[in-house]
Amino acid sequence: MSINRRNFIKTSMGAAALAGVAACTGGAAKSGSETKAAATSLYNPNAKLNISFQEWTIDGELKDKLDFMEQHGVVGLEVGGNGLAGRVDEYKQALEGRNIKISAICAGFDGFMLSTDEAIRNRCRDSMREICTAAGKLGSTGVIIVPAFNSQQPCMPHTQETRDFLCQWFNELGTFAVEQGTTVILEPLNRREAFYLRLVADAASMCRDINNPGVTCLGDFWHMTWEETSDMGAFLSAGKYLQHVHMASRKRRLIPGEDGEADNYVDGFKGLKMIGYDKYVGFECNSKAEDKNASAAAAVELLKKQWEEA
């Protein structure tokens, strides 16, 4: 009997898959609950869903926002880096006695590090140092940074030499961040926003090569929607280097749930559970809801439900 190459590959893959299932189940079919139990045995017990809001996620004065967050079990507040040094005391006083901590600092730096102009790169370095100093005073997990947005030109080319430059640059900044008690968090973006660092694995590989505790990375479900083949795989590729996670709806970058059934994060949550992720999952999104705060409250419940389903 003759068999063509494509059918041979399909047959071989099917046999391998069945063998894998048999090995996992002891050769017998298992119920759904037994299959889930086998999967959850891979989970790290340290994993925890710590939800964070950016300061502008909901409406109201800062005190009202914090009251709302506590009421709904949100434990992290992500703030902007622009002007952060002048707001350190304000945030400390606002959070005193509350079960909410500053999570990550969202950018706010000046210039960009992949500029061909050294003066612009130096502005980026100096402003990042200022933000890292303030972040350390607030006990933040880290300062988020993007090497360059598509709109920032002229920019260094996408070459090995550029990557080597970034690794050296981040190593120096990461050492400074550790001295301040925080980290630098590399954020991959989708290709419509940035040409450099689009996959979580790319950012994690830089963290690995730099090998500095002050250099970490981020995974953003919105950007991952367009760039990753698997949410779970993306988080597994980050492993110990994952320092922050961003959330948004998967079609319009709104509050999770505002895009209906498309807003499913279970696969990614499985990956977070496998690596024992215990830092923050923060909202970075807009809203089209008539009541923004009600939408945010519903989103919190949605994420808690899907975390349990994962």
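Provided above is the structure to which this section pertains.
Novice: Let's hear about the sheet that holds strand β7 (residues 242–247): which residues, and what values?
Specialist: Taken in spatial order, the 8 strands of this closed barrel run β1-β2-β3-β4-β5-β6-β7-β8, and their pairing is parallel. Within the sheet, the average angular offset between the axes of one strand and its neighbour, ignoring direction, is 30°. Pairing of strand β1 (residues 50–54) with strand β8 (residues 280–283) involves 4 bridges; the strand directions are parallel. Residue pairing in the sheet places Ile51 in a bridge with Val281 of β8. Those strands touched by helix α5 (residues 118–138) are β3 (101–106), β4 (142–145) and β5 (184–186), and its axis lies near 150° from that of β4. In this fold helix α7 (residues 200–210) packs onto β5 and β6 (215–220), with an angle of close to 170° to the strand it touches most, β6.

Novice: Describe the packing of α5 against helix α6 (residues 160–180), listing the residues and the values that go with them.
Specialist: At their nearest, the axes of α5 and α6 sit 9 Å apart, and the two run at 30° to each other. Judged by the angle between their axes, α5 and α6 are roughly parallel. When the axes of α5 and α6 are compared, the crossing they make is right-handed. Facing α5, whose interface residues are Arg121, Cys124, Arg125, Met128, Arg129, Cys132, Thr133 and Gly136, α6 presents Phe165, Trp169, Leu173, Phe176, Ala177 and Gln180. Residues belonging to the contact of α5 with α6 are distributed by class as follows: 8 nonpolar, 3 polar and 3 charged.

Novice: I'd like a rundown of the environment of Asp209, residues and numbers included.
Specialist: When you line up the elements, Asp209 lands in helix α7. Within the structure, Asp209 has its side chain in polar contact with the side chain of Arg163 (distance 3.0 Å).

Novice: Just give me the short version of the packing of helix α10 (residues 266–274) against helix α11 (residues 292–309), but keep the residues and values in it.
Specialist: Viewed as axis vectors pointing N to C, α10 and α11 meet at an angle of 65°, and their least axial separation amounts to 8 Å. Read as a crossing pair, α10 and α11 show a hand that is right-handed. Across the interface between the two elements, Val266, Phe269, Leu272 and Lys273 from α10 touch Leu303, Gln306, Trp307, Glu308 and Glu309 from α11. Considering only residue class, the contact of α10 with α11 consists of 5 nonpolar, 1 polar and 3 charged.

Novice: Lay out the side chain of Gln306 with the relevant residues and their values.
Specialist: For Gln306, the position within the fold is in helix α11. Gln306 has contacts with Asp263, Asn264, Tyr265, Val266 and Phe269, leaving out every residue within four places of it along the chain.

Procedures and definitions
- Per chain, residue numbering runs from 1 following the sequence as it is written.
- Totals for whole chains, interfaces and linings use all residues, but because this is a predicted model, local features are given only for residues with pLDDT of at least 70 and pairs of side-chain atoms are given and counted only at 80 or more.
- The basis for every side-chain value is the complete set of heavy atoms in the structure, and neither hydrogens nor water enter the calculation.
- Whether two strands pair depends on DSSP finding at least two bridges between them.
- Strands here mean DSSP runs of E at least two residues long; helices mean DSSP runs of H or I at least four residues long; both are numbered from the N terminus.
- Every angle, taken between N-to-C directions, lies between 0 and 180 degrees, and every axis is a line fitted to C-alpha atoms, over only the stretch in contact when it is a helix.
- The contact definition used throughout considers only heavy atoms, calling two residues in contact when any of these lie within 4.5 Å.
- We call two directions roughly parallel when the angle between them is under 35 degrees, roughly antiparallel when it is over 145, roughly perpendicular when it lies between 65 and 115, and oblique otherwise.
- Crossing handedness follows the turn of the near helix against the far one: under a right angle anticlockwise gives a left-handed crossing, and clockwise gives a right-handed one.
- Three categories are distinguished: nonpolar for Ala, Val, Leu, Ile, Met, Phe, Trp, Tyr, Cys and Pro, charged for Asp, Glu, Lys and Arg, and polar for the others, with Gly belonging to the last.
- For this analysis, a polar contact is any N or O atom pair within 3.5 Å, provided that within protein one partner can donate a hydrogen and the other can accept it, and provided that sequence-adjacent residues contribute only side-chain to side-chain pairs.

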